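# Understanding the architecture of this molecule
Spelled out from the first residue to the last, the chains are:
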Amino acid sequence: MNIGYYPGCALHGSSNDCEQSLRACLSALDVQLGEIKDWICCGATAAHSLNHKLSLALPARNLAVAERDGFKQLFAPCPLCSMQLLKAKKAVADERVRKELSEIVEADVRGESEVLNLIQLFEKIGVDRLKPAVKAPLESITAACYYGCLLTRPPDVVHFDDFEQPSSMESIVAALGAKTVEWNYKTECCGAGMTMCNEDIVLELAHKILSNAAEHGANCLVVACPMCHVNLDMKQAAVERRFGKKLGMVVYYLSDLVGLALGLSAEQLGINRHFVTQA
Amino acid sequence: MENQALGQVTSERLPVHFPDPIQVANCYQCGKCTAGCPVAMHMDVAPNQVVRLAQLGEWEKALRSRAIWECVGCQTCSTRCPKEVDCAGVMDALREASLARGMAAPGRYFVVAFQKIFLENIHRNGRLNELELIGHFKVDVLLHTGRIPFLFKDAGLAPQLGKRKKLHLIPGRARDRGVVERIFERCSGERKA
Amino acid sequence: MSRIGVFTCWCGENIARTVDVDEVAKRVAELPGVRCSLNYKYMCSDPGQAIVREKIATEKLDGVVVASCSPHMHLKTFRKAAQAAGLNPYLVEMANIREQCSWVHHDRVQATAKAFEIIRLSVEKARNDAALQPIRVPVTRRALVIGGGVAGIQAALDIADAGHEVVMVEREPSIGGKMAGLSETFPTLDCSQCILTPRMVEVGQHPRIKLYSYSEVEKVEGFVGNFRITIRQKARYVDVSKCTGCGECWIICPLKRNPSEFDYGMGMRPAIYIPFPQAVPARPVIDKSQCAKLIRNGCGLCEKKCKAEAINFKDEDRLVEEAVGAVVVATGYKLYSIAKSQPKATLAGYGEYGYGKYKDVIDSLQFERLVSASGPTGGVLKRPSDGAIPKSVVFISCVGSRDNAKGLPYCSKICCMYTAKHTMLYKHKVHDGQAHVFYMDIRAGGKGYDEFVRRAIEQDGAQYYRGRVSKITQEGGKLVVRGADTLAGMPVTIEADLVVLAAAMRPADGIEELAQKLNIGCDEFGFLLESHPKLRPVETNTAGIFIAGACHSPKDIPEAVAQASAAASKVQVMLAADELTREPEIAAINEQTCAACFTCIRTCPYHAIDRAELRTPRGAFIKNTARVNPGLCMGCGTCVSVCPSKSADLQGFTDQQVYAMVESLA
């Protein structure tokens, strides 16, 4: 498998633990990632909030660059990046828009490559291939799989899983020998990119998510989004201070669990670099 | 005068959206957007009311509302709308218009400033430079609000991030920043029209 | 025809204001074949008609053209007048110089010229008219009613009471339909079963009603007045003629835990069962998917127990044929499914309401069973999960209805009313309970309806919130309902013990197949199409087939009953005589020139053309040909346009007439 890789700013920034985890895990599975050259930021929340056209143009540029590099599949681990890529892909289905965007980004945007999120990457690898590779079944783990907002939304853009009752992450986690819980905040938002500028909201939402997972008997959260990880892991101490209660909920990237099950160490996966670690 | 500045805005068309305007007339005000919104409780105007203001062409109220800056863009409203109105897209369009006309709610200064600085950051670097973003944001808020403690808020996180090798003092920038510059230029030009 | 009389009408000022009627009459008189040309202020009035009659007699007219209004308005009037004067009524033509001329023009000179041209065309048509005779079709004076719900029951009883035989076909083991399962009915809160079951018994005992329960319509052949219906009697494994309905069999049946269809899964029934105690016929049926004897030749206890020896495990489906003259379709509705899997890809379902995930999220018909005295809980409202009495119930309107994204764009019309009723029934049963209703609009048009809803709110304390619900979750044994109050402009969260979804009404399963068999139309949602939404609301586009009840559109009981009576009265008119008279303006095929390609058979929208053989008087085969069935043909002319050998023609509107009209313009 040679899959185009669009890391996005987060994975090259403060969420580099996510990238470490991914790379360790994928090399153990013998999956190569080809980082697309000259990728640029997708514009994130700021672009779609402040300049709609720009929010399509920036990911369109990345799509075009990936296609120029010959990738039929493009893996974007950050759901916001992948949603923006898919929005651009949807927009260029209209020839009029495709022409305009191609001119803006100085490259032919075809919008033909398949955009994959983190869960889809593991689905591509296949549960059939994961299962036999499991060396250390995760028997002690009871996970609450957290999809957040943009993995499944908006459904007419991302076309991924059941957008109200998703279960794709559970299937993968179950293949690793871990248990999962049914809980209520699977697709509720954690506040996303408001970490810095609207902390109150992030803390409130993160608190609800972390508490609900605990109430339903989970001993950890699994995420497939670097922003969710920031809000739930890095901000967890702040949540605990604000709401005056101890949560101690470990937050894993999906790739962390895959890696652990494959027998990789917490250090290899960068789990030791999380804020909340096993008590 | 303000209305004049808004040009051809009518109740069916939002001021800014690309490529097509959002049909707010389709909304029958059921409130499902408000019901599912994770932050509706903090809004001065509920999401369905924001759409209502757009239906009425009450742009002044819509563009000055705090609600459009409280929205976290989680897409729950658009996903569940029985009339397939892209409510999250309405929020985006209103934010864009609000900022372009200098009508952003002062009470939501942090959010507005952050998004602006974020965009300027990638405009300059092609990719996000986190340290620069934080620095600019803090200075901007300080200059604007005079709140010195804000400068040191979360400062405790810095060594923590450093310890976890999460801080990059020399982050990667996009190689072809010329094209980034031109993309920004082309996308901003039309917006003023 | 060469002695044509033309009668130009002023229609008061309607025509004369714009058209110079004197001038027109004068010019028309010069046309070839016109014997006389007159004008008069009101041609349709008695003196006007007298002029027409008199001229037919004195001038020995062999054709009449009335230049006035639309044929829809007065063609019949003038045909009658002609007939009274001894002229074949099909030799009368109308030239529409009102709707198609005077009403739509201002310029008097041009309008006058146009009126003349219109009349000239009609004169040409009249010159080529042939005397026609109305078609007489024999009528089988019996009717078929498909569906034994309240609409079907009403139609069947009306027709049978009028003296005609009725064949009723019901798919389920008992008649009664949805109404038999309801608790109390709005706006009077009278007990549904108390008013329906006597009507059901009447059907069961009526000397002129032949009831086929647990049966379906397999095939429909024939045409108006002469339908042949093949009915599939599904294997019941119980001989209804021997069975006494004593109940020993279902008491002894050991397989008692099958979800009851009648209770919508809220209760259980044995493998041999009657759906409910007041069933008609009160005879059991064996569920072959559950019965141990039928699956693996085990058990057989019921057979041993039955003193009447009515159990027959070797029973098979049987096909029977019935001849009827008219059909009433009353197949009713079903609710939009709240299960995860949806019957159509366009219906996405409500994952945010927990699909079928939470046991205490139920639909309105399930709630009806839970509050019904005949229901699985004996009328005590117990929630499905743990049997607790719910102290807080949330009712959600418009689930599936008025939802373009996940369901159907139309309003299901009755949910506002039954939801108000539900809150009352709930309050009357659980005095310390609180009912909450999420609604978008309250649609309560009807006698005593709005007053009823206000009573639910003002007297029985139901709390109404104007807004939709976005999400339902379960936390600590409570259902957490997150909705909006758009009037207050804020989100609302309510903890509920039970949630009732007022799911959209959809046509019953199999409606499209049935419509195909009957050759009647469905709308995009599967509801049956009426012939005209205002003037022919119970007729279909196929003569002799009528519709009643919720198979046509969402309806409440009074409406369904009224429509059933309307359909029944239409049937009675049709069955009043031994013969039906139909207008003769239908297709005819020249069987000598027909090339037997049968393109017409494939294109005829009414299946009115059959294959036939042309034979000598001694029976020797000459050739194949297409032949029009005069009972079915609606005179649309499709066959005329597709026939490659020009062998099909429309009587009273022949190609020759059309060409003559066109040529007269040249």
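Since the model is a prediction, treat every value here as computed from it, not as a measurement.

## Some details on the domain arrangement of chain C
All names here are of chain C.
- Domain parsing of chain C yields domain 1 (4-127), domain 2 (138-229 + 320-332 + 514-579), domain 3 (235-316), domain 4 (335-506) and domain 5 (587-650).
- Computed over C-alpha atoms only, the centres of domain 2 and domain 5 are separated by 33 Å.
- Every contact between the two is made by five residues of domain 2 and, on the other side, seven residues of domain 5.
- Roughly 530 Å² of surface becomes buried between domain 2 and domain 5 when both sides are summed, with 58% attributable to carbon and sulfur atoms.
- For domain 2, the biggest contributors to the area lost against domain 5 are Phe 223, Asn 519 and Asn 541; these three give 70% of the whole.
- In this assembly, domain 2 and domain 5 are joined by zero salt bridges.

## A look at the interface of chain C and chain B
- Between chain C and chain B, the contact holds 21 residues from the first and 19 residues from the second.
- Interface area, chain C with chain B, both sides summed: about 1600 Å², of which 52% is carbon and sulfur.
- In terms of surface lost to chain B, no three residues of chain C exceed Arg 468, Ser 470 and Pro 491 of chain C, which account for 30% of the buried area on that side.
- Linking chain C with chain B are one salt bridge, by the criterion used here.
- Measuring nitrogen to oxygen at the nearest pair gives 2.8 Å for the salt bridge that ties Lys 32 of chain B to Glu 352 of chain C.
- Counting across the chain C and chain B interface gives twelve residue pairs in polar contact (both at pLDDT 80 or more).
- Broken down by secondary-structure element, the contributors of at least two residues to the side of chain C that touches chain B are β24 (469-475), β25 (478-485) and β26 (490-496) of chain C.
- The residue makeup of the side of chain C that touches chain B, split by class, is eight nonpolar, six polar and seven charged.

## Notes on helix α7 (residues 118-125) of chain A
Residues and elements named next belong to chain A.
- Of all eight residues that make up α7, six are buried, and the element is covered over most of its length.
- Looking at where α7 begins, the residue whose side-chain oxygen comes 2.9 Å from the main-chain nitrogen of Ile 119 is Asn 117.
- Residue Gly 126 follows α7 closely and has a positive phi angle near 100°.

## Quick look at the pairing of strand β11 (residues 215-223) of chain C
All names here are of chain C.
- The pairing of β11 with strand β12 (residues 226-233) spans eight bridges and is antiparallel. Bridge assignment links Val 220 to a residue of β12, and that residue is Ile 229.
- Linking β11 to β12, which pair antiparallel, is a turn of two residues; within it Gly 225 sits at a positive phi near 85°.

## Quick notes on the nonpolar core
- Ranked by internal contacts, the top residues of the largest apolar core, which has 171 residues, are Phe 122, Leu 221 and Leu 232 of chain A together with Ile 183 of chain B.
- Considering every element that reaches this core, the biggest residue donor is helix α8 (residues 109-125) of chain B, with ten residues.
- In this view, Leu 221 of chain A contacts Ala 144, Tyr 146, Trp 183, Ile 209, Leu 210, Ala 213, Leu 232, Met 249, Val 250, Val 251 and Tyr 252 of chain A; residues no more than four positions away in its chain are not counted.

## Thoughts on the pattern of salt bridges
- Within the structure shown, the criterion is met by 63 salt bridges over all chains.
- For Glu 188 of chain A, the salt bridge identified is with Arg 482 of chain C, shortest N-O distance 3.3 Å. Here Glu 188 of chain A is found in the loop between β6 (179-180) and α11 (199-215), whereas its partner Arg 482 of chain C is found in strand β25 on a different chain. This pair shows no difference in class: Glu 188 of chain A is buried, exactly as Arg 482 of chain C is.

## Comments concerning the packing of helix α2 (residues 46-58) of chain C against helix α3 (residues 71-84) of chain C
All names here are of chain C.
- Two elements in contact, α2 and α3, have axes whose closest approach is 9 Å; the angle formed by their N-to-C orientations is 40°. Relative to α3, α2 is oriented oblique. Crossing geometry of α2 relative to α3 is assigned as right-handed. Of the residues in α3, those touching α2 at Gln 49, Arg 53 and Ile 56 are Thr 77, Phe 78, Ala 81, Ala 82 and Ala 84.
- For the contact of α2 with α3, a count of residues per class yields five nonpolar, two polar and one charged.

## Some words on unusual backbone geometry
- Pro 154 of chain A follows Arg 153 of chain A through a cis peptide bond whose omega is -15°.
- Here Pro 154 of chain A lies in the loop between β5 (142-146) and α9 (155-158).
- Pro 187 of chain C follows Phe 186 of chain C through a cis peptide bond whose omega is -5°.
- Positive phi outside glycine occurs at Lys 165 of chain B, with the angle close to 55°.
- For Lys 165 of chain B, a relative accessible area of 61% puts it in the exposed group.
- A positive phi is found at Tyr 264 of chain C, a non-glycine position, where the angle reads about 50°.

## What about the interface of chain A and chain B?
- Counting residues at the interface gives 63 residues for chain A, matched by 58 residues for chain B.
- Summing both partners gives a buried area of about 5500 Å² for chain A against chain B, and 60% of it is carried by carbon and sulfur.
- Taking the shortest distance from any N to any O, the salt bridge between Arg 182 of chain B and Glu 106 of chain A comes out at 2.4 Å.
- Where chain A meets chain B, there are 22 residue pairs in polar contact (both at pLDDT 80 or more).
- Of all the elements in the fold, those that place two or more residues in the side of chain A that touches chain B are α1 (8-11), α2 (16-28), α3 (44-50), α4 (52-68), α5 (79-91), α6 (95-105) and α11 of chain A.
- The residue makeup of the side of chain A that touches chain B, split by class, is 32 nonpolar, 14 polar and 17 charged.

## As for empty space enclosed by the protein
All names here are of chain B.
- Here the structure, examined in full by the defined rule, presents 14 cavities of 30 Å³ or more.
- Computed from the structure, the largest cavity encloses a volume of approximately 120 Å³.
- Together, 15 residues line the largest cavity, and Cys 27, Cys 30, Cys 33, Cys 81 and Val 85 are the ones closest to its centre.
- Elements with a minimum of two residues in the lining of the largest cavity: α2 (32-36) and α3 (47-56).

Criteria and thresholds
- Residues numbered from 1 in each chain as written.
- Chains lettered and ligands numbered in written order.
- Predicted model: local features only at pLDDT ≥ 70, side-chain atom pairs only at ≥ 80, totals over all residues.
- Heavy atoms only, no water.
- Domains from an automatic or database assignment.
- Contact = heavy atoms within 4.5 Å.
- Buried area = accessible area lost by both parts, 1.4 Å probe.
- Salt bridge = Lys/Arg side-chain N within 4 Å of Asp/Glu carboxyl O.
- Polar contact = N/O pair within 3.5 Å; in protein donor to acceptor, adjacent residues only side chain to side chain.
- Helix = DSSP H or I, 4+ residues; strand = E, 2+ residues; numbered from the N terminus.
- Nonpolar A, V, L, I, M, F, W, Y, C, P; charged D, E, K, R; others polar.
- Buried < 20%, exposed > 50% of the residue type's maximum accessible area, 1.4 Å probe, protein only.
- Pairing = 2+ DSSP bridges.
- Core = buried A, V, L, I, M, F, W, Y, C linked by side-chain atoms within 4.5 Å.
- Axes fitted to C-alpha atoms, helices over the stretch in contact; angles between N-to-C directions.
- Parallel < 35°, antiparallel > 145°, perpendicular 65-115°, else oblique.
- Left-handed = near helix turned anticlockwise from the far one by under 90°.
- 1 Å grid on protein atoms, 1.4 Å probe; cavity = no way out; pocket = protein on both sides within 12 Å on 5 of 7 lines; lining within 4 Å.
- Points joined across faces, edges and corners; volume = space filled by probe spheres on them.

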